[in-house]
Structure formats: C-alpha cells, structure tokens
Amino acid sequence: MKHLLLAALLGLSAVPALAASHSSTIFINEQDLNGDGKVGLEEFKLSRHVEFVRIDFNADGLLSEAEYLGEFEGRLMQRIGKMADAERRREELQRQMRQAKVRFGVLDTDKNGSISFEEFQAAGLRMFKLHDRNQDNVVDEADVKIAEAERKAGKESFVAP
C-alpha cells in the first residue's frame, strides 16, 4: 500500500483528475494506479483521494463549486477543443457545464455549498460497486465480461462494459 500511495502522490501532477467512468473498460484504464489491469477497492479509494487533492486548489479540504466546475471545464475544453464546428463546441460546453453544475448539487449531499472528501468518496464508491458486478471488491475483466453478457441478454445498466 505504501508503494501505491507513493506512486499516486508522485504522479499527482501528471494524471488528470477523472470522474468514475460509466464504461467498465475505461474505468479500469483510468483508475488502475499500479498497471495490473484491475482496480481493487483500496486502489480506487486512493485514486479518489488523489483526485480530490488535485481538484481542491486552495487545499481547504472542501471542493467549492468553482473548484469542481473549473477542473471539469478544463478537461472538457481539452476534449471538445478538437471539434471543428464552433457552434457544436459551444453547445456541448453549455450542455456539459449545466450537467456538471447539477452533479455538484447531487454530490453536495448536506447542501452546504461544498463537497467534502467523504461526499466525494461516497459517490465514487457507488460507481465502484456498479462496476464490480461480481462483488469481489475488484473491477477487472471478469466484470467487463459479465457486463457484456448482461448487455447481450438485453439487460440495460447505468454502466457499460
């Protein structure tokens, strides 16, 4: 665990802050700190801690709406900046930022105007549990295969393979 923490902290400035993806495959790629092709529960908790610290620009232990939205907007601009159509970029920016503001409100469960680490971690753990289909506290290829089988069987899910 010490090695994971050290690796995560050393890579703090190199790794973009990422929300837990709705795709299990992307989730594994983004949250796999040690590169073993799977994400254990403790590894995920550490990843979320690293993300929180990166977003908390003023280091007060809380994410303000400005910090949360500002970090998201930065990542969004990198992604949509590749769109050739300026009107489509503008519309996507507006749509995504409206959604980010709603997400902030959902994550701020005590409605005090900021997201605590506990609130941030709880939301991430809910996503982890959705990806961990076989409930073994590891998100890996087995969970992706279960998701693929469920999708083929017509079972829709909030998260995809």
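Above this text sits the structure in question.
Numbering of residues starts from 1 in every chain and runs along the sequence as written. pLDDT decides what is reported in this predicted model: residues at 70 or higher carry local features, side-chain atom pairs at 80 or more are listed and counted, and totals for whole chains, interfaces and linings draw on all residues regardless. Just so you know, side-chain values use all the structure's heavy atoms and leave hydrogens and water out.

> How would you sum up the overall build of the protein? Please name residues and give values.
Counting from the N terminus, the helices are DSSP H or I runs at least four residues long and the strands are E runs at least two residues long. Within the protein, the regular secondary structure consists of 7 helices and 4 strands. Helices and strands appear in the protein in the N-to-C order α-α-β-α-β-α-α-β-α-β-α. Burial statistics for the protein: of 161 residues in total, 37% are counted as buried. By the convention used here, residues are in contact when the closest approach between their heavy atoms is within 4.5 Å. The contacts of the protein with a sequence gap of at least 6 include a subset with a gap of at least 24, amounting to 58%. Just so you have it, the protein exposes about 9400 Å², and 58% of that area is on carbon and sulfur atoms. Think of it in three bands: residues with accessible area under 20% of the maximum for their type are buried, residues over 50% are exposed, and the middle band is partly exposed, with areas taken using a 1.4 Å probe on protein chains only. Here the accessible surface of atoms and residues is derived via Shrake-Rupley with a 1.4 Å probe, and residues count as covered only by protein chains that are part of the display.

> If you had to explain the nonpolar core to someone new, which residues and values would you point to?
Considering soluble globular proteins, one finds that nonpolar side chains tend to be buried as a cluster. To qualify as a nonpolar core, a set must consist of buried Ala, Val, Leu, Ile, Met, Phe, Trp, Tyr and Cys residues joined through side-chain atoms within 4.5 Å. One finds Leu63, Tyr68, Ile115 and Phe120 to be the most contacted residues of the largest nonpolar core, which totals 15 residues. Counting residues per element, the ones that place at least two in this core are α3 (41-55), α4 (65-80), α5 (86-107) and α6 (117-131). The dominant element in this core, judged by the number of residues it contributes, is α4, at 5 residues. Excluding its chain neighbours within four sequence positions, the residues that come into contact with leucine 63 are Phe52, Ile55, Asp56, Tyr68, Phe104, Ser114, Ile115 and Phe120. Membership of the second largest hydrophobic core comes to 7 residues, among which are Phe27, Val39, Phe44 and Val139.

> How would you summarise the environment of glutamate 92 if you had to cite specific residues and measurements?
Tracing the chain through its elements places glutamate 92 in helix α5. Distance from glutamate 92 to methionine 77, taken between C-alpha atoms, is 9.8 Å for residues 15 residues apart in sequence. For glutamate 92, the residues in contact, after removing those within four places along its chain, are Arg79, Ile80 and Met83.

> Could you give an account of unusual backbone geometry, naming the residues involved and the relevant values?
A positive phi angle is found at glutamine 135, which is not glycine, with a value near 55°. Residue classification places glutamine 135 among the exposed residues on the basis of a relative accessible area of 53%. One non-glycine residue with positive phi stands out, namely asparagine 137, at about 65°. Assignment of secondary structure puts asparagine 137 in the loop between α6 and β4 (138-139). A relative accessible area of 44% means that asparagine 137 is categorised as partly exposed.

> Would you mind going over the packing of α3 against α6 in detail, with residue names and values included?
A fitted line through C-alpha atoms serves as each axis, taken over the contacting stretch for helices, and the angle formed by two N-to-C directions is quoted from 0 to 180°. Put simply, α3 and α6 touch, their axes get as near as 10 Å, and they point 140° apart. Here α3 is positioned oblique relative to α6, judged by the angle of their axes. Once α3 is placed against α6, the crossing between them reads as right-handed. When α3 is examined against α6, the residues Leu41, Phe44, Lys45, Arg48, His49, Glu51, Phe52 and Ile55 are found in contact with a partner set consisting of Phe117, Phe120, Gln121, Ala123, Gly124, Leu125 and Phe128. Under this grouping Gly is polar, as are all residues other than the nonpolar Ala, Val, Leu, Ile, Met, Phe, Trp, Tyr, Cys and Pro and the charged Asp, Glu, Lys and Arg. Taken together, the residues that form the contact of α3 with α6 break down as 9 nonpolar, 3 polar and 3 charged. Our angle categories are set so that under 35 degrees counts as roughly parallel, over 145 as roughly antiparallel, 65 to 115 as roughly perpendicular, and the remainder as oblique. A clockwise turn of the near helix away from the far one marks a right-handed crossing, whereas an anticlockwise turn of less than a right angle marks a left-handed crossing.

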